[in-house]
Amino acid sequence: MHRHFTATDSTNEEALRWGREGASHGAYVTADAQTAGRGRRGRAWSSPPGKGLYLSLIVRPGAPHRDSATLLPGLNFAACLAATRAVREVTGLTCHTKWPNDVLANGRKIAGLLSEAMWREGRLDFSVVGIGINVNQAQDDLPPRPLYPASSLFIESGQEWPINEVRDRWLHHFGNYYKRLEKGDWEQVRDEFWRRCAQRNREVIVQSEGETLTGTALALGSDGALLLETSSGMRRILAGDVVITHNAKAE
Ligand code: BTN
């Protein structure tokens, strides 16, 4: 099932409303434009009409997966990996993932992910996986981002691309990753995210819960947390923003 809007406040908001009314697993919402597109940490997601993919998918896991601690990080990693594959297939551009849930092309952010979970009696009822991919935005359409500048497939490749093709490839790949998560392949999905991750083995600066930490991004933990080697020991970061990635010291 698919609902498309010429304009809406936020496709995540639409999908949350639809999910509460009982929309089934796999139902998704798209829009040509969002008037109040949401990013992570209360940020806005710029969503000019007809320039980007704004899509929110309802994931309603079966009973055995509703208590899984790795399902939510798995969905985030799967959505980012699906975006790297979709972009590669449509445009030929090679992308990297950025922990916890961004996608970069040539070091610039071309996609972001906001997933929101709804709980019922302490168990996951459904999750909305909201993906924004900057497809045909020119630089003027994008907000300034000093550390990880925003970009689009158009800016990186010099040509415009069909948004519906990016959407279809993303849905296809996300569906495949989801099947793998259902089968219990969480570790392989996490490891693929890490192999494609721009921060792997790099010196990074991370902002997490009011703290700024510097260290080497060494691995992802069993729950998807970033394991950071700092001068005062190993830190496990469950939620945060990598604000700077330095070049590798040696690889
Ligand atoms: C981020 O990088 O901060 C996450 C951005 C997520 C944007 C997408 S666009 C479709 C969906 N609807 C929203 O309001 N947000 C997500």
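Residues numbered from 1 in each chain as written. Predicted model: local features only at pLDDT ≥ 70, side-chain atom pairs only at ≥ 80, totals over all residues. Heavy atoms only, no water.

Trainee: How should helix α1 (residues 11-20) be read in this particular structure?
Mentor: Burial runs high along α1: seven of the ten residues are buried. Restricting attention to buried positions, one finds in α1 the residues Thr11, Asn12, Glu14, Ala15, Leu16, Trp18 and Gly19. Its buried side turned inward, α1 meets β1 (2-8), β2 (28-34), β3 (52-59), β6 (108-120) and β7 (123-134). (Buried < 20%, exposed > 50% of the residue type's maximum accessible area, 1.4 Å probe, protein only. Helix = DSSP H or I, 4+ residues; strand = E, 2+ residues; numbered from the N terminus. Contact = heavy atoms within 4.5 Å.)

Trainee: So what exactly am I meant to see when it comes to the pairing of strand β10 (residues 226-230) here?
Mentor: Only one face of β10 is covered, namely the one carrying Leu226, Leu228 and Thr230; the face carrying Leu227 and Glu229 has none of its residues buried. In this sheet, β10 lies alongside strand β9 (residues 211-220) in antiparallel orientation, the contact comprising four bridges. Residue pairing for β10: Thr216 is matched across the bridge by Glu229. Counting the residues between successive antiparallel strands, the hairpin from β9 to β10 contains five residues, one of them, Gly224, with a positive phi of roughly 90 degrees. Bridge analysis of β10 against strand β11 (residues 233-237) gives five bridges, and the strand direction is antiparallel. Bridging across to β11, Leu226 finds its partner in Ile237. (Pairing = 2+ DSSP bridges.)

Trainee: Quick question: what am I supposed to make of unusual backbone geometry here?
Mentor: Excluding glycine, a negative phi dihedral is what most residues carry, and trans is how most peptide bonds are arranged. Going from Trp99 to Pro100, the amide bond is cis rather than trans, its omega being 0 degrees. For Pro100, the position within the fold is in the loop between β4 (95-98) and β5 (102-105). Its identity is not glycine, yet Arg41 carries a phi of approximately 55 degrees, on the positive side. Accessibility expressed as a relative area gives 46% for Arg41, which makes it partly exposed. We note that Glu121 has phi near 45 degrees; this positive angle belongs to a residue other than glycine. Positionally, Glu121 belongs in the loop between β6 and β7.

Trainee: Whenever I open this one, the environment of Asp32 confuses me. Can you help?
Mentor: By secondary structure assignment, the location of Asp32 is in strand β2. Taking C-alpha positions, Asp32 is 33 Å from Gln207, a pair spaced 175 residues apart along the chain. Once residues within four sequence positions are removed from consideration, Asp32 is found in contact with His4, Phe5, Thr6, Pro48, Pro49, Gly50 and Tyr54. Within the local environment of Asp32, its side chain forms a polar contact with the side chain of His4, the two groups lying 3.0 Å apart. (Polar contact = N/O pair within 3.5 Å; in protein donor to acceptor, adjacent residues only side chain to side chain.)

Trainee: Whenever I open this one, the state of the cysteines confuses me. Can you help?
Mentor: Chemically, a disulfide is nothing more than a covalent bond linking the sulfur atoms of two cysteines. Going through the model one piece at a time under the given rule, you end up with zero disulfides. Of all cysteine sulfurs in the structure, the one in Cys197 sits closest to Cys80, which takes part in no disulfide; the separation is 9.5 Å. (Disulfide = S-S within 2.5 Å.)

Trainee: Help me understand helix α5 (residues 186-195) in this model?
Mentor: An α-helical turn contains 3.6 residues, so a residue and the one three or four places further along point in the same direction. Buried within α5 are the following residues: Trp186, Val189, Arg190, Glu192, Phe193 and Trp194. Summarising the contacts, the buried residues of α5 are in contact with α2 (71-91), β4, α4 (163-183), β9 and β10.

Trainee: Mind showing me how you'd approach the nonpolar core here?
Mentor: Across soluble globular proteins, nonpolar side chains show a tendency to be buried alongside one another. The biggest cluster of nonpolar side chains holds 55 residues, and the ones touching the most others in it are Trp99, Ile133, Leu153, Trp170, Phe174 and Leu226. A per-element tally of this core places α2 first, with twelve residues. Ignoring any residue separated from it by four or fewer positions in sequence, one finds Leu226 in contact with Trp99, Trp194, Val206, Ala217, Ala219, Leu220, Arg235, Arg236, Ile237 and Val242. By size, the runner-up hydrophobic cluster in this structure holds nine residues, among which are Leu16, Trp18, Val29 and Ile58. (Core = buried A, V, L, I, M, F, W, Y, C linked by side-chain atoms within 4.5 Å.)

Trainee: Explain the environment of Val29 here, please?
Mentor: Take Val29: it is sitting in strand β2. Distance in space between the C-alpha atoms of Val29 and Tyr54 is 8.3 Å, their sequence separation being 25 residues. Every residue in contact with Val29, bar those within four places of it in the chain, is listed here: Arg3, Phe5, Thr11, Glu14, Ala15, Trp18, Tyr54, Leu55 and Ser56.

Trainee: Hey, could you run me through the pattern of salt bridges in this one?
Mentor: Counted under the stated rule, the structure contains 18 salt bridges. Arg169 is paired through a salt bridge with Glu89; the nearest N and O atoms lie 2.6 Å apart. One end of the pair, Arg169, is in helix α4; the other, Glu89, is in helix α2, and 80 residues separate them in sequence. Put simply, Glu192 and Arg196 hold a salt bridge, and the shortest N to O gap is 3.6 Å. Look at Glu192 and you get buried, because its relative accessible area is 6%. Taking the relative accessible area as the measure of exposure, Arg196 reaches 29% and is therefore partly exposed. Residues joined in a network through salt bridges with shared partners are Arg85, Arg180, Glu192 and Arg196. (Salt bridge = Lys/Arg side-chain N within 4 Å of Asp/Glu carboxyl O.)

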